Amino acid sequence: MAPPGPAGAHPAAAEPLSRSIFRKFLLMLCSLLTSLYVFYCLAERCQTLSGPVVGLSAAGEEAGAPGPGVLVGGRTELALWSSATQRKRFLQLRPGQRRRRPAGRDGGEEAAWEEETPSLTGGPVGSGAGSSVAEAPPGTLALLLDEGSKQLPQAIIIGVKKGGTRALLEFLRVHPDVRAVGAEPHFFDRSYDKGLAWYRDLMPRTLDGQITMEKTPSYFVTREAPARISAMSKDTKLIVVVRDPVTRAISDYTQTLSKRPDIPTFESLTFKNRTTGLIDTSWSAIQIGIYAKHLEHWLHHFPIGQMLFVSGERLISDPAGELGRVQDFLGLKRIITDKHFYFNKTKGFPCLKKAEGSSKPHCLGKTKGRTHPEIDREVVQRLRDFYRPFNLKFYQMTGQDFGWDG
């Protein structure tokens with residue numbers, strides 16, 4: 001029979017077992033706390049997702065620091081996505097915040113988007129329920145998890161000023177696969193020396209299958225822009241929103257007049273010599289509308305099939321129709337339809353329908369739809385006669401008759 005061991009032998013043998021149990025307890029406790037924390041974080045984000053969400057991305061800060069946004073459609077659109085796509089969109093959401101979009105920079109579209117109380121004068125454009133609107137600025141869970149990356153834009157709205165570029169960009173943002181910069185970067189006309197790395201850093205993060213976009217209307221009339229964009233990528237898709245050049249010139253003048261009430265009259269700026277009727281093509285308001293002349297520079301670097309020309313007039317009268325063409329051009333599923341719009345007769349513009357759970361639709365801001373000054377009819381006719389040959393050439397180049405001379 002073996003002799004009994006020394007005193008204290010049994011506690012020493014039990015000591016490793018105690019440490020093992022203690023370590024397991026700590027591991028289970030840490031796992032429980034981690035699970036609770038993750039659940040709390042997810043629950044905090046889920047509580048705003050009781051209904052379908054459309055996130056309008058925040059506009060950038062001044063000095064070109066745009067805030068990316070995420071857009072998710074309503075129940076119909078969500079049903080079309082795979083579960084993986086829905087998970088990606090969910091990861092990019094965070095509780096929405098109401099906001100006003102700041103005005104664009106000088107020389108570009110300056111419209112802000114605002115929330116309005118629904119008006120009895122606003123009639124529907126099509127039918128169907130509107131989509132909920134929420135914002136998803138930087139700092140989302142997707143970014144924390146390092147989902148997505150910043151890419152150079154695959155599509156750019158290059159013009160024209162006062163043609164409807166801001167409206168087009170905001171309408172496109174309803175699409176879940178479009179991510180766009182809010183403020184106009186003005187990279188290819190004003191900041192090209194800062195380099196492509198600087199330009200890329202302005203872009204929002206995108207996920208697989210999403211398109212990065214920006215819009216700067218002055219590119220269309222900048223001589224260096226076509227070669228510079230081509231040098232970035234020959235595959236870049238270009239969108240040009242055009243409008244009756246006479247109406248566009250008056251709208252351009254009206255915008256300037258709102259900022260500088262002391263400028264000369266439209267009539268005096270239009271002519272070099274009123275008596276001879278010689279048009280002053282050096283005035284930017286007139287020069288921008290000679291679309292055929294500007295397009296020639298772009299066709300040296302891009303095929304016509306890589307450019308889409310959107311009618312500014314039809315963007316107002318039939319926004320869903322024009323958006324359908326744009327979605328096809330960009331290779332996107334036709335998610336934006338007439339059910340997303342209603343027409344505000346007071347403003348004279350289509351608006352995105354009100355968000356679910358909100359009484360306020362989203363319309364172009366107060367800087368849009370200004371009342372134009374009364375222009376001498378003879379001056380307007382002189383301008384129509386001046387633009388007619390350029391318009392006809394533009395129709396031939398694009399294969400589209402925009403009906404400005406009818």
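All of these numbers come straight from a predicted model, not from anything done at the bench.

Chemist: Give me the sheet that holds strand β7 (residues 178-180): which residues, what numbers.
Modeler: In space, the five strands of this open sheet follow the order β7-β9-β6-β10-β13, with parallel pairing throughout. Strands with a single pairing partner mark the edges of an open sheet, and in this sheet they are β7 and β13 (307-311). Taking the axes of each pair of neighbouring strands and ignoring which way they run, one obtains an average angle of 25° across the sheet. Where strand β6 (residues 155-159) lies against strand β10 (residues 237-242), four bridges are found, and the strand directions are parallel.

Chemist: I'd like a description of a nonpolar patch on the surface, backed by residues and values.
Modeler: Taken together, F22, F25, L26, L29, L32, L33 and L36 make up a surface patch of nonpolar side chains, about 690 Å² in accessible area. Along the polypeptide, F25 turns up in helix α1 (residues 9-46).

Chemist: With reference to specific residues and values, describe the pairing of β10.
Modeler: Counting buried positions over the six residues of β10 gives five, a clear majority of the element. Across five bridges, β10 lies against β13 in parallel orientation. The partner of V241 across the bridge, within β13, is V310.

Chemist: Can you lay out helix α8 (residues 245-259) for me, pointing to particular residues and giving the numbers?
Modeler: Two residues of an α-helix separated by three or four positions point the same way, owing to the 3.6 residues in each turn. For α8, built from 15 residues, the straight-helix expectation of 21 Å at 1.5 Å per residue is met to within 8% by its first-to-last C-alpha distance of 21 Å. All of the buried residues along α8 are P245, V246, R248, A249, I250, S251, D252, Y253, T254 and Q255. For α8, the elements touching its buried residues are α9 (266-270), α10 (284-287), α11 (291-299) and α14 (377-398). You can read the cap of α8 off the contacts: a side-chain oxygen lies 3.0 Å from the backbone nitrogen of V246, and it is on D244.

Chemist: Requested: an account of helix α7 (residues 225-232), with residues and values cited.
Modeler: Burial in α7 covers these residues: A225, P226, I229, S230 and M232. Seen end-on, α7 carries its buried residues on one side only, within an arc spanning 155°. For α7, the secondary structure elements touched by its buried residues are β6, α6 (196-202), β10 and α11.

Chemist: How would you summarise the packing of aromatic side chains if you had to cite specific residues and measurements?
Modeler: For the structure on display, the rule yields 23 aromatic pairs. On the basis of an interplanar angle of 75° and a centroid distance of 4.8 Å, the ring pair of F187 and F188 is categorised as edge-to-face. This pair shows no difference in class: F187 is buried, exactly as F188 is. Three or more aromatic residues joined by ring pairs form one cluster here, namely F187, F188, Y192, W198, Y199 and Y219. In this structure, K237 packs its charged tip against the face of F329, placed 5.5 Å from the ring centre.

Chemist: Go over the UniProt feature "binding site: 3'-phosphoadenylyl sulfate" (unreviewed entry) in the chain, please, and point to the residues and values.
Modeler: Here the UniProt feature "binding site: 3'-phosphoadenylyl sulfate" (unreviewed entry) sits at K162, G163, G164, T165, R166, R243, S251, K368, G369, R370, T371 and H372. Inspection of the secondary structure assignment puts T165 in helix α5 (residues 165-172). For S251, the location among the structural elements is in helix α8. With a relative accessible area of 9%, S251 lands in the buried category. Leave out the neighbours within four places in its chain, and S251 touches K162, R243 and H372.

Chemist: Can you break down the environment of R325 residue by residue, with the values?
Modeler: Counting through the fold element by element, R325 comes out in helix α13 (residues 319-329). Spatially, the C-alpha atom of R325 lies 8.4 Å from that of V310, the residues being 15 residues apart in sequence. In contact with R325, other than residues within four places in its own chain, are L308, F309, V310, R334 and Q400.

Chemist: Requested: an account of the pattern of salt bridges, with residues and values cited.
Modeler: Under the defined criterion, the tally for this structure stands at 14 salt bridges. The closest approach of N and O atoms between R334 and D328, which form a salt bridge, is 2.6 Å. You can call R334 partly exposed: its relative accessible area is 48%. Ionic contacts of the salt-bridge type, sharing partners, join the residues K161, R248 and D252 into one network.

Chemist: Which residues make up the packing of α5 against α13, and what values go with them?
Modeler: Running from N to C, α5 and α13 cross one another at 75°; their axes reach a closest spacing of 11 Å. The angle between α5 and α13 falls in the class roughly perpendicular. Two secondary-structure elements touch here, α5 through L168, F171 and L172 and α13 through P319, L323 and V326. Residues belonging to the contact of α5 with α13 are distributed by class as follows: six nonpolar, no polar and no charged.

Each value, and the rule that gives it
Residues numbered from 1 in each chain as written. Predicted model: local features only at pLDDT ≥ 70, side-chain atom pairs only at ≥ 80, totals over all residues. Heavy atoms only, no water. Pairing = 2+ DSSP bridges. Helix = DSSP H or I, 4+ residues; strand = E, 2+ residues; numbered from the N terminus. Axes fitted to C-alpha atoms, helices over the stretch in contact; angles between N-to-C directions. Patch = residues over 30% accessible without salt bridge, like charges linked within 9 Å, V, L, I, M, F, W, Y side chains within 5 Å. Areas by Shrake-Rupley, 256 points an atom, 1.4 Å probe, with all protein chains shown as cover. Salt bridge = Lys/Arg side-chain N within 4 Å of Asp/Glu carboxyl O. Buried < 20%, exposed > 50% of the residue type's maximum accessible area, 1.4 Å probe, protein only. Expected span 1.5 Å × (residues − 1). Contact = heavy atoms within 4.5 Å. Polar contact = N/O pair within 3.5 Å; in protein donor to acceptor, adjacent residues only side chain to side chain. Arc of directions from axis to C-beta. Phe/Tyr/Trp six-rings, centres within 6.5 Å; stacked < 30°, edge-to-face > 60°. Lys NZ or Arg CZ within 6 Å of the ring centre and 35° of its normal. UniProt positions renumbered as here; feature names shortened; annotations may be inferred. Parallel < 35°, antiparallel > 145°, perpendicular 65-115°, else oblique. Nonpolar A, V, L, I, M, F, W, Y, C, P; charged D, E, K, R; others polar.

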